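An overview of the molecular structure
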Amino acid sequence: MHISVLLEECINNLNLRENSLVVDCTLGYAGHSSEILKKIKKGYLYAFDQDKEAINKADSKLKKIGNNYKIINSNFVNIKKELNKLNINEVDCILYDLGVSSPQLDEKERGFSFHQDARLDMRMNQEQELDAYYVVNNYELNKLVDIFKKYGEEKYALSIAKGIIKNRPITTTLELAEIIKKNVPFSYKKDKHPARKVFQAIRIEVNDELNVLENSLRQALELIKVNGRVAVITFHSLEDRICKKIFDEASKVDDNLKKLPVIPLEYQPKYKIITTITPSDKELNNNNRARSAKLRIIERIR
Ligand SMILES: C[S@@+](CC[C@H](N)C(=O)[O-])C[C@H]1O[C@@H](n2cnc3c(N)ncnc32)[C@H](O)[C@@H]1O
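Calculation notes
Residues numbered from 1 in each chain as written. Predicted model: local features only at pLDDT ≥ 70, side-chain atom pairs only at ≥ 80, totals over all residues. Core = buried A, V, L, I, M, F, W, Y, C linked by C-beta atoms within 7 Å. Buried ≥ 20, exposed ≤ 12 C-beta atoms within 10 Å, placed from the backbone. Contact = placed C-beta atoms within 7 Å. Pairing = 2+ DSSP bridges. Helix = DSSP H or I, 4+ residues; strand = E, 2+ residues; numbered from the N terminus. Axes fitted to C-alpha atoms, helices over the stretch in contact; angles between N-to-C directions. Parallel < 35°, antiparallel > 145°, perpendicular 65-115°, else oblique. Left-handed = near helix turned anticlockwise from the far one by under 90°. Nonpolar A, V, L, I, M, F, W, Y, C, P; charged D, E, K, R; others polar. Near = placed C-beta within 6 Å. Domains from an automatic or database assignment.

The next thing to look at is the nonpolar core. By size, the foremost hydrophobic cluster in this structure holds 51 residues, and its most contacted members are Ile94 and Ile233. With near-sequence residues (within four places) excluded, isoleucine 233 lies in contact with Val5, Leu6, Cys10, Tyr96, Asp97, Leu98, Ala293 and Leu295. Listed in part, the 28 residues of the second largest apolar core include Phe148, Ile164, Ala201 and Ile204.

Moving on, we come to the sheet that holds strand 5 (residues 224–234). Across the sheet, which stays open at both edges, the seven strands sit in the order 3-2-1-4-5-7-6 with mixed pairing between neighbours. The open sheet has two edge strands, strand 3 (69–73) and strand 6 (271–277), and neither has a second partner. Across the sheet, the mean angle separating the axes of adjacent strands is 15 degrees when strand polarity is ignored. Here strand 6 pairs with strand 7 (residues 294–300) via six bridges, running antiparallel.

Our focus in this paragraph is the packing of helix 11 (residues 209–223) against helix 12 (residues 237–251). Remark: helix 11 packs on helix 12, axes separated minimally by 10 Å, with the N-to-C direction vectors making an angle of 30 degrees. Classified by the angle their axes make, helix 11 and helix 12 are roughly parallel. Judged by the twist between their axes, the crossing of helix 11 over helix 12 is right-handed. Residues Leu210, Leu213, Glu214, Leu217, Arg218 and Leu221 of helix 11 form the contact with helix 12, whose own contacting residues are Leu238, Glu239, Ile242, Cys243, Ile246 and Ala250. Residues belonging to the contact of helix 11 with helix 12 are distributed by class as follows: nine nonpolar, no polar and three charged.

Before going further, it helps to examine the site of the ligand. Neighbouring residues of the ligand: 21 residues in total, closest Ser4, Thr26, Gly28, Gly31 and Asp97. When residues of the shell around the ligand are traced back to their parent elements, those giving at least two are helix 2 (31–39) and strand 2 (44–49). Split into classes, the residues belonging to the shell around the ligand amount to eight nonpolar, 10 polar and three charged.

Under the domain assignment, the chain is made up of domain 1 (7–97 + 209–300) and domain 2 (114–207). Contacts between the two partners involve eight residues from domain 1 and, on the opposite side, seven residues from domain 2. Of the residues belonging to the side of domain 1 that touches domain 2, the class tally is two nonpolar, three polar and three charged.

What follows is the structure, given as structure tokens:
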């Protein structure tokens, strides 16, 4: 089962109205989309996901609430292109609840988890060619080290990458987890699973998650109407840094213009940061997946 993170905080801060046009970029199991649909009886919801299994389950859930929605089976990097195909050039709210859903993690054959044995896969879009098996068995040393450092902030990147190359071919998640374990110091195994960061890094690489997020968020800011809001729930510091950078850039006044007594309207920022929210203690106690979540919201003001 998937428990939606920061659900209430998200719904309360999207400024939803009965006739809002909303985009949920990460439909998943329709936790957020269901609550949105209940609030926009005369509006419309466009929901993206690149995972067909998630879409099928979400569709049967949404059908019971209303029919004013369309599911778009596409990567959210195509947000503008897909909406333009439907003659939609601007919307009131856009939501991202990033990462993988609990069912994706739990279905062992998806190969996301270092707790369950499966072929190395980690593709959110099962039709995509690049998978974790290819990354683990074909990338050269420098490239592996680079992604483990950049996307996993893994301090033992070099010894892990060398261990991987020595043990090729590596077919399954548990084989990989075992090799990682053997190539980090004993003290590193105490707190969290030593494979956590490398698995995160490979997943980000396979799904090109950070580039896709940056590209899509920039499009989202262009698509949003005046008084409309973009909300992003991130689950690790790399995603959050991208979101913060883009929101800060969009809402800041140029340093040179700050010196002017009055800033001409055309140079004033078009966006205002509304809030950053982390889960309550109650939510943290109920949902382990919420522990590193952060919700950032920005509004278009002119
Ligand atoms: C955390 S889950 C969303 C859960 C949903 N908000 C809920 O409450 O049920 C993230 C979903 O977004 C999808 N996803 C992640 N990155 C995506 C992308 N770049 N394009 C389209 N879908 C994506 C995943 O397949 C997954 O189903």
